[in-house]
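Tertiary structure, described
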Amino acid sequence: MEAMMTYHMQKQERQITDESTLKNIIKRGKYTAIALCKDNEPYIVTLSYGYDEVKNALYFHTALSGLKLHILRQNPRVCATVVDDLGYIDGKCAHAYRSVVLLGKMHVVDDLAEKKHGFEVLFRHLNEDTERYKQRGLKDDAGYDRAAVLRLDIEAVTGKAGR
């Protein structure tokens, strides 16, 4: 994963550069806050995700219409963050955490085979019973037409650890 080098981290001792550690933070996470921007107006949304390590991408499902999709059609560039909460440090007035910031491009997935793959990745990542959820709303191919699938291709990542 390429690191974002535009700015340096002020507290270098907190920077995470090890690729396996960065991937581990993404694997442990369940939600990401995604920042989008259209016409110089920011918008942020928190979504659950599935991580496809082979494609170095995050998959999401969402409604077929709405503000996210409206913005992404005009500007697919996004920034996202995942926080690995390691808990409050008793008596220190501090909190332990690790986090990553991801930069990339968000795509609306139209291909049925990739939509199915995206849902599989999402369900497996969230430790859900994939078959149970398929039976609930994805019994046949028509079920996949009732939801949008997004794929965030990760282009750069930085990491930071606190206390």
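Everything discussed here concerns the structure shown above.
Let me sum up the structure you'll find in this document. Note that the coordinates shown come from a computational prediction; the quantities given were computed from them, not determined experimentally.

Now for the overall build of the protein. When helices and strands are tallied, the protein shows five helices and eight strands. Ordered by position from N to C terminus, the α and β elements of the protein give β-α-β-β-β-β-α-β-β-α-α-α-β. Each of the 163 residues in the protein was classed as buried or not, and the buried ones make up 41%. The long-range share in the protein, meaning contacts at least 24 apart out of those at least 6 apart in sequence, stands at 72%. Per element, the accessible surface of the protein, about 9600 Å² overall, is 49% carbon and sulfur.

A few words now on the nonpolar core. The biggest cluster of nonpolar side chains holds 26 residues, and the ones touching the most others in it are Ile 26, Ile 34, Leu 58, Phe 60, Val 100, Leu 102 and Met 106. At the level of elements, helix 1 (19–28), strand 2 (31–38), strand 3 (41–48), strand 5 (57–62), helix 2 (67–74), strand 6 (77–89), strand 7 (94–109) and strand 8 (148–162) are the ones that each hand at least two residues to this core. Per-element accounting of this core gives the leading share, five residues, to strand 8. Membership of the second largest hydrophobic core comes to eight residues, among which are Tyr 59, Phe 119, Val 121 and Phe 123.

Let us now look at unusual backbone geometry. Its identity as a non-glycine residue notwithstanding, Asp 39 has a phi of 50°, on the positive side. Structurally, Asp 39 can be placed in the loop between strand 2 and strand 3. Using a relative accessible area of 61% as the deciding quantity, one classes Asp 39 as exposed. In the Ramachandran plot, Asn 56 falls in the positive-phi region, its phi being about 50° despite a non-glycine side chain. Given the relative accessible area of 18%, Asn 56 is considered buried.

Reading the values: the criteria
Residues numbered from 1 in each chain as written. Predicted model: local features only at pLDDT ≥ 70, side-chain atom pairs only at ≥ 80, totals over all residues. Heavy atoms only, no water. Helix = DSSP H or I, 4+ residues; strand = E, 2+ residues; numbered from the N terminus. Buried < 20%, exposed > 50% of the residue type's maximum accessible area, 1.4 Å probe, protein only. Contact = heavy atoms within 4.5 Å. Areas by Shrake-Rupley, 256 points an atom, 1.4 Å probe, with all protein chains shown as cover. Core = buried A, V, L, I, M, F, W, Y, C linked by side-chain atoms within 4.5 Å.

On their own, these measurements won't tell you what the molecule is for.
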